[in-house]
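Architecture and fold: a report
What follows is the residue order along each chain.
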Amino acid sequence: MADISPLVPLLGLEPHPEGGWYRETWRTSRSATPDGYPGPRAFATGIHFLLHPGERSRWHRVRSDELWLWHRGGRLRLRLGGSGNAPDGAGARELVLGPGVEDGDRPQLLVPGGAWQDAEPLDGEPVLVSCVVAPGFDFADFTMT
């Protein structure tokens, strides 16, 4: 990508396997093994996540609940639902994360644990969000099509 946002180096972001850019910013020092998980997980984790126009997070799911918090840039469309066999998002509902609360945007959205999801900028500018995952994120709990 020719036009990388200055936020990428300023925040120390790296490419994410699902698409976009990220950096873990927080992980609780305490952990436990939640029911149904294969091993210990931090109580919660947090990341910065950035998508440029034309980038998309691939269809994926995370075992834990994931709270998305909008910080700056354009609006971000989140699609939730469907199945791993429907990467086009068939059966998914669309929500918008962004600054226009008066227009129906939300400054934060919850993706329930296990829900299939993807995200994509709706406007012509990068979108910076944070994601807080509880129990904490572990790539062993991440599935991507």
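Calculation notes
Residues numbered from 1 in each chain as written. Predicted model: local features only at pLDDT ≥ 70, side-chain atom pairs only at ≥ 80, totals over all residues. Heavy atoms only, no water. Pairing = 2+ DSSP bridges. Helix = DSSP H or I, 4+ residues; strand = E, 2+ residues; numbered from the N terminus. Axes fitted to C-alpha atoms, helices over the stretch in contact; angles between N-to-C directions. Salt bridge = Lys/Arg side-chain N within 4 Å of Asp/Glu carboxyl O. Buried < 20%, exposed > 50% of the residue type's maximum accessible area, 1.4 Å probe, protein only. Core = buried A, V, L, I, M, F, W, Y, C linked by side-chain atoms within 4.5 Å.

1. Notes on the sheet that holds strand 11 (residues 117–121)
One open sheet accounts for 5 strands, arranged 9-8-11-6-13; its pairing is antiparallel. Each having just a single partner strand, strand 9 (92–97) and strand 13 (142–144) make up the two edges of the open sheet. Sheet twist, expressed as the mean angle between neighbouring strand axes with direction ignored, is 30°. Inspection of the sheet shows strand 8 (residues 76–81) paired to strand 9 by 6 bridges, in the antiparallel sense. Its bridge partner lying in strand 9, Gly 81 is registered against Ala 92.

2. Topic: the pattern of salt bridges
Following the criterion strictly, the structure yields 9 salt bridges and no others. Between Arg 56 and Asp 118 there is a salt bridge, and its shortest N-O distance comes to 2.9 Å. Of this pair, Arg 56 sits in the loop between strand 5 (45–51) and strand 6 (57–62) while Asp 118 sits in strand 11, and the two are 62 residues apart along the sequence. Overall, Asp 118 belongs to the buried group, its relative accessible area being 2%. Salt bridges linked by common partners bring Arg 41, Arg 63, Asp 138 and Asp 141 together as one network.

3. Brief notes about the pairing of strand 8
The two faces of a sheet get side chains in turn, since along a regular strand they alternate between them. When you tally the buried positions in strand 8, you get 5 out of 6 residues, the bulk of the element. Looking at chain direction, strand 8 and strand 11 are connected through 5 bridges and run antiparallel. Bridge pairing in strand 11 links Arg 77 to Glu 120.

4. Brief notes about the sheet that holds strand 10 (residues 108–111)
Read across the sheet, 6 strands follow the order 1-2-5-12-7-10 without closing on themselves; strand pairing throughout is antiparallel. The open sheet has two edge strands, strand 1 (14–15) and strand 10, and neither has a second partner. Direction of pairing for strand 2 (residues 21–27) relative to strand 5: antiparallel, over a ladder of 6 bridges. Paired with Glu 24 across the bridge in strand 5 is Ile 47.

5. Structural notes on the nonpolar core
In terms of nonpolar packing, the biggest core is built from 17 residues, with Phe 49, Trp 68, Leu 76, Leu 97, Ala 119 and Val 129 touching the most fellow members. When residues of this core are traced back to their parent elements, those giving at least two are strand 5, strand 7 (65–73), strand 8, strand 10 and strand 12 (127–134). Grouped together as the second largest cluster of nonpolar side chains are 6 residues, Leu 7, Val 8, Leu 13 and Leu 50 included.

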